[in-house]
Amino acid sequence: MEIQLETIEVAALALPLGERAALAQRLLESLDEDAEIEAAWDIEIERRVMAIERGDMATVPLAEVADRLRAELV
């Protein structure tokens, strides 16, 4: 198994930068254990973005959030 891994590693590192990046992305995606959860998050993110764009949901500046958190922690 280790020889196979080394062979794959050497071949992968010999790829051009763009292809290595694409391979890395595919490998990382393969580690996701639950594609259903990822899909649900994608839908939720899109829903929130659309709500913000329509004006149905307001954003809060980071500095304000940080101030609120600091006040709660004191």
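Throughout, a residue's number is its position along its own chain's written sequence, starting from 1. Local features in a predicted model are, by the rule used here, given only for residues with pLDDT of at least 70; side-chain atom pairs are given and counted only at 80 or more, and totals for whole chains, interfaces and linings are based on all residues. The side-chain values count all of the structure's non-hydrogen atoms but skip hydrogen atoms and water molecules.

*Asks:* Is there a simple way to think about a negative patch on the surface in this case?
*Replies:* A cluster of acidic residues, Glu29, Asp32, Glu33, Asp34, Glu36, Glu38 and Asp42, forms a negative patch on the protein surface. Numbered from the N terminus, helices here are DSSP runs of H or I no shorter than four residues, and strands are runs of E no shorter than two. For the negative patch, the element with the highest residue contribution is helix H3 (residues 35–54), accounting for three residues. Mapping Glu33 onto the fold places it in the loop between helix H2 (17–30) and H3. With a 1.4 Å probe rolled over the protein chains alone, any residue whose accessible area is under 20% of its type maximum counts as buried; one over 50% counts as exposed, and the rest are partly exposed. Glu33 sits in the exposed class, given a relative accessible area of 83%. Each patch groups residues whose relative accessible area exceeds 30% and which form no salt bridge, using 9 Å between like charges and 5 Å between nonpolar side chains of Val, Leu, Ile, Met, Phe, Trp and Tyr. Methods summary: accessible areas were calculated by the Shrake-Rupley approach with a probe of 1.4 Å, and residue burial reflects only the protein chains presented. By definition, a salt bridge exists where a carboxyl oxygen of Asp or Glu is found within 4 Å of a side-chain nitrogen of Lys or Arg. Within this scheme the basic residues Lys and Arg register as positive and the acidic residues Asp and Glu register as negative, but His and the chain ends are omitted. Charge positions are represented by NZ for Lys, CZ for Arg, CG for Asp and CD for Glu.

*Asks:* So what exactly am I meant to see when it comes to the environment of Leu15 here?
*Replies:* Among the secondary structure elements, Leu15 is positioned in the loop between helix H1 (2–13) and H2. Contacts are assigned to residue pairs with any non-hydrogen atoms lying within 4.5 Å of each other. Once residues lying within four places of it in the same chain are set aside, the contact partners of Leu15 are Arg20 and Leu23.

*Asks:* Mind showing me how you'd approach a nonpolar patch on the surface here?
*Replies:* Taken together, the side chains of Ile37, Trp41, Ile45 and Val49 define a hydrophobic patch exposed on the protein surface, amounting to about 380 Å² of accessible area. Its place among the elements puts Ile45 in helix H3.

*Asks:* I tried to follow the pattern of salt bridges on my own but got confused; where do I start?
*Replies:* A pair can form between side chains of opposite charge whenever their charged atoms are brought close. On inspection of all chains with the given rule, the structure shows five salt bridges. For Arg47, the salt bridge identified is with Glu44, shortest N-O distance 2.5 Å. Of this pair, Arg47 and Glu44 both sit in helix H3, three residues apart, which is roughly one turn of that helix. According to the relative accessible area criterion, Arg47 is partly exposed, its value standing at 42%. Each member of the salt-bridge network shares a partner with another, and the members are Glu44, Arg47 and Arg48.

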